[in-house]
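Single-letter residue listing:
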Amino acid sequence: MALLRLHLHLSLPRPPLPARPHCAPPSPLSTSPWLWRSRLPAASSRRLLCSTHPASPLDASTAAPPSIVAGFLDYLNESWTHFHATAEAKRQLLDAGFKLLSESDDWDLQPGGRYFFTRNMSCLVAFAIGEKVGNGFNIIAAHTDSPCLKLKPRSATFKSGHQMVNVQTYGSGLWHTWFDRDLTLAGRVILKAADGSFKHKLVKLTRPLIRVPTLAIHLNRTVNSDGFKPNLETHLVPLLATKNEEATMNSDDKSSSSTKAAHHPLLLQILSEEIGCESDEIIGMELNVCDIQPSCLGGGNNEFIYSGRLDNLASCYCALRSLIDSSKAAEQLSSEKAIRMVAMFDNEEVGSDSMQGAGAPTMFQAMRRIVDSVMHQSMGEGALERAIHSSFLVSADMAHALHPNYPDKHEECHRPELQKGLVIKHNANQRYATSAVTAFLFKEIARIHNLPVQEFVVRNDMGCGSTIGPILASGVGIRTVDCGIPQLSMHSIREMCGKEDVDTTYRHFKAFFEMFSDIDRKLNVDF
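Rules used throughout
Residues numbered from 1 in each chain as written. Predicted model: local features only at pLDDT ≥ 70, side-chain atom pairs only at ≥ 80, totals over all residues. Heavy atoms only, no water. Core = buried A, V, L, I, M, F, W, Y, C linked by side-chain atoms within 4.5 Å. Buried < 20%, exposed > 50% of the residue type's maximum accessible area, 1.4 Å probe, protein only. Helix = DSSP H or I, 4+ residues; strand = E, 2+ residues; numbered from the N terminus. Contact = heavy atoms within 4.5 Å. Pairing = 2+ DSSP bridges. Axes fitted to C-alpha atoms, helices over the stretch in contact; angles between N-to-C directions. Expected span 1.5 Å × (residues − 1). Polar contact = N/O pair within 3.5 Å; in protein donor to acceptor, adjacent residues only side chain to side chain. 1 Å grid on protein atoms, 1.4 Å probe; cavity = no way out; pocket = protein on both sides within 12 Å on 5 of 7 lines; lining within 4 Å. Points joined across faces, edges and corners; volume = space filled by probe spheres on them. Nonpolar A, V, L, I, M, F, W, Y, C, P; charged D, E, K, R; others polar.

**Q** In this structure, what is going on with the nonpolar core? I would like to understand it.
**A** Core analysis: the largest hydrophobic core is formed by 56 residues, its most contacted members being Ile305, Val394 and Phe509. For this core, the element with the highest residue contribution is helix H9 (residues 310–325), accounting for 10 residues. Contact partners of phenylalanine 509, with chain neighbours within four places excluded, come to Ile140, Ser315, Cys318, Ala319, Ser322, Val394, Ala396, Leu422, Phe442 and Cys483. Among the nonpolar cores identified, the runner-up in size contains 34 residues, and Tyr115, Phe345, Met363 and Val476 belong to it.

Here it is, written out as structure tokens:
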């Protein structure tokens, strides 16, 4: 956060331009960068009205709904890795009064209770149980991971007298964007204590530490005509230092499997100083390469969010805040018949096939344990199966906004734009899990609350990505809609989206938790 404050402090405002006739006055959030946080509306605990369903025009005299943009920027600047994103979510849930559970312990759950657990400190499931529970689960699922570079198990390497750091690519990143950036390392380490025990600790090195320099155009004259085509094994290797310490490592160190042999002593020294331990106490690590540039507002009207990892921490934060804010007070759950749940999975960018990914039975196991604890006696035979049949999943993952320089990449009638609302994704080949029924139910919530919604279909002559939606829909057997916030520069080291879309998504998700049970009972498909 010190980096964010420094960035905002240095972004001093310029003298205002002369006013133009017939121009609307700027919004409070479109002024100087250093003023934006103080002018965001304070959070409100007032619930959205869900009892009257007809949509009505917004009253101009009504105060603007609360914004979560400031909190989102804070979350991004804390969450440099999937581990930190989960840890920060854990902190916010504890501060909100949620009870931490362990998957290894017995669960004593009660109607009206709020709970969560983590897995691998990169996956999290949180839920609030309705007082009149017996109607299934209303779930929002997202993922904590993003494409990045990760240190190899043996990261120490030397090239022409330079200390280099071996990395491997994770996911399908736009790797050219990682060149010539001020980079550092963050993640987790395993420490060995003096008493022989082990500790798991998160670490974040906040200063520029490594860099992947490009080759000067004087040595690569055809790069602009032939394209920048780096070899990811030999060219995408970050530079740590110039001093060659290879001579100081004896043959026993080089051939051993110890941490000292696997990583540069300089790197271990920097890590130990940050953690507050001795270098030889570090016996394991899992570190990501991170861009140190803080997340911030930008654009002529400060209407955009510039950041890494928007895919998919934007969805995670909107889901997290909507769950917390829709269950703050006891009365918010007093008439709820469903369980409100948020699931944040790891490893979506590489297929979800891990114990902490959506391909694992984590969510299904949690649903079963909740049913066994609070719903089995009231629902009787087939309680779990009946609860799943009544459940609904929102699979939230970022969407492709129309790129003004490449409009032909979008299907002509399905061109989501920034600042125009949440995007519902469709694919006839089930790359997305949306159906006509699930899309209608989700759009009905938006209609009632006067929220904009867009729709996306990929061109027939282009491949279509996928999400955790089809994985969970088929693995659990739950109705699912795929949606996402529109963004540009997806999978770049630095992405962008519209700040209004973040607030719109939060309101949509919060309304989903608060009123979906009422809407769902009005539509019967299998009768």
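**Q** It is not clear to me how the sheet that holds strand S14 (residues 392–396) should be interpreted in this structure. Could you clarify?
**A** Each strand in a sheet pairs with its neighbour through backbone hydrogen bonds, running either in the same direction (parallel) or in the opposite one (antiparallel). Strand order in the open sheet formed by nine strands is S1-S2-S3-S13-S4-S14-S18-S16-S17, and the pairing between neighbours is mixed. On the outer flanks of this sheet lie strand S1 (99–100) and strand S17 (453–457), each paired with one strand and no other. The sheet contact formed by strand S3 (residues 123–129) and strand S13 (residues 339–345) spans six bridges and is antiparallel. Within S13, the position partnered with phenylalanine 127 by the bridge is methionine 341. Running over the sheet, helix H12 (residues 436–448) touches S14, strand S16 (422–426), S17 and strand S18 (479–484) and is turned about 55 degrees from S18. The sheet contacts of helix H13 (residues 468–477) involve strand S4 (137–143), S13, S14 and S18, and relative to S18 the element is tilted by about 170 degrees.

**Q** What should I look at first to understand helix H4 (residues 82–95) in this one?
**A** Because an α-helix completes one turn every 3.6 residues, residues spaced three or four positions apart along the sequence face the same direction. Taking 1.5 Å of rise per residue, the 14 residues of H4 would be expected to cover 20 Å, and the 20 Å separating its terminal C-alpha atoms lies within 8% of that figure. Of all the positions in H4, only His82, Phe83, His84, Ala85, Thr86, Glu88, Ala89, Gln92 and Leu93 are classed as buried. In this structure threonine 81 caps H4, since a side-chain oxygen of it lies 3.2 Å from the backbone nitrogen of phenylalanine 83. The first or second residue beyond H4 is glycine 97, which carries a positive phi of 95 degrees.

**Q** Would you mind showing me how to read the pairing of S4 here?
**A** On a regular strand, each side chain points to the face opposite its neighbour's, so the side chains alternate between the two faces of the sheet. Taken across its seven residues, S4 has seven buried, putting it largely inside the fold. Sheet topology note: the S4/S13 ladder contains seven bridges and is parallel. Paired with phenylalanine 137 across the strands is isoleucine 339, a residue of S13.

**Q** Please explain the sheet that holds strand S20 (residues 495–498) as it appears in this structure.
**A** Ordered by their spatial adjacency, five strands build an open sheet running S11-S12-S20-S19-S15, and the pairing between neighbours is mixed. Strands with a single pairing partner mark the edges of an open sheet, and in this sheet they are strand S11 (296–298) and strand S15 (399–400). In this structure, S15 lies alongside strand S19 (residues 486–488), joined through two bridges in parallel fashion. Bridged to alanine 399 within S19 is proline 486. Of the strands in this sheet, S11 and strand S12 (304–307) are in contact with helix H3 (residues 69–78), which crosses S12 at around 10 degrees.

**Q** In this structure, what is going on with unusual backbone geometry? I would like to understand it.
**A** For residues other than glycine, phi is negative in most cases, and the peptide bonds are mostly trans. Cis geometry is adopted by the peptide bond preceding asparagine 312, which originates at aspartate 311 and carries an omega value of 20 degrees. Mapped onto the elements of the fold, asparagine 312 is located in helix H9.

**Q** Mind showing me how you'd approach H13 here?
**A** When H13 is considered as a whole, its buried residues turn out to be Ile468, Gly469, Pro470, Leu472, Ala473 and Val476. Among the residues of H13, the N-terminal cap falls to threonine 467, whose side-chain oxygen and the backbone nitrogen of glycine 469 are separated by 2.9 Å.

**Q** How should I be thinking about empty space enclosed by the protein in this particular structure?
**A** Picture a little ball the size of a water molecule; that probe, rolled over the atoms, points out where space is still empty. Summed over the entire model, instances satisfying the criterion amount to two cavities of 30 Å³ or more. Its volume calculated, the largest cavity comes out at about 260 Å³. Looking at the largest cavity, it is lined by 25 residues, and the ones nearest its centre are Trp80, Ser146, Pro147, Cys148 and Arg309. Where the lining of the largest cavity is concerned, the elements lending two or more residues are strand S5 (148–159), strand S10 (282–291) and H9. A per-class count over the lining of the largest cavity returns nine nonpolar, nine polar and seven charged. In this model, the second largest cavity occupies a volume close to 50 Å³. What lines the second largest cavity is simply Asn77, Trp80, Asp291, Gln293, Pro294, Ser295, Gly308, Arg309, Ile493 and Arg494. Taken together, the residues of the lining of the second largest cavity sort by class into three nonpolar, four polar and three charged.

So, to be careful, I would describe these as geometric facts and stop short of saying anything about function.
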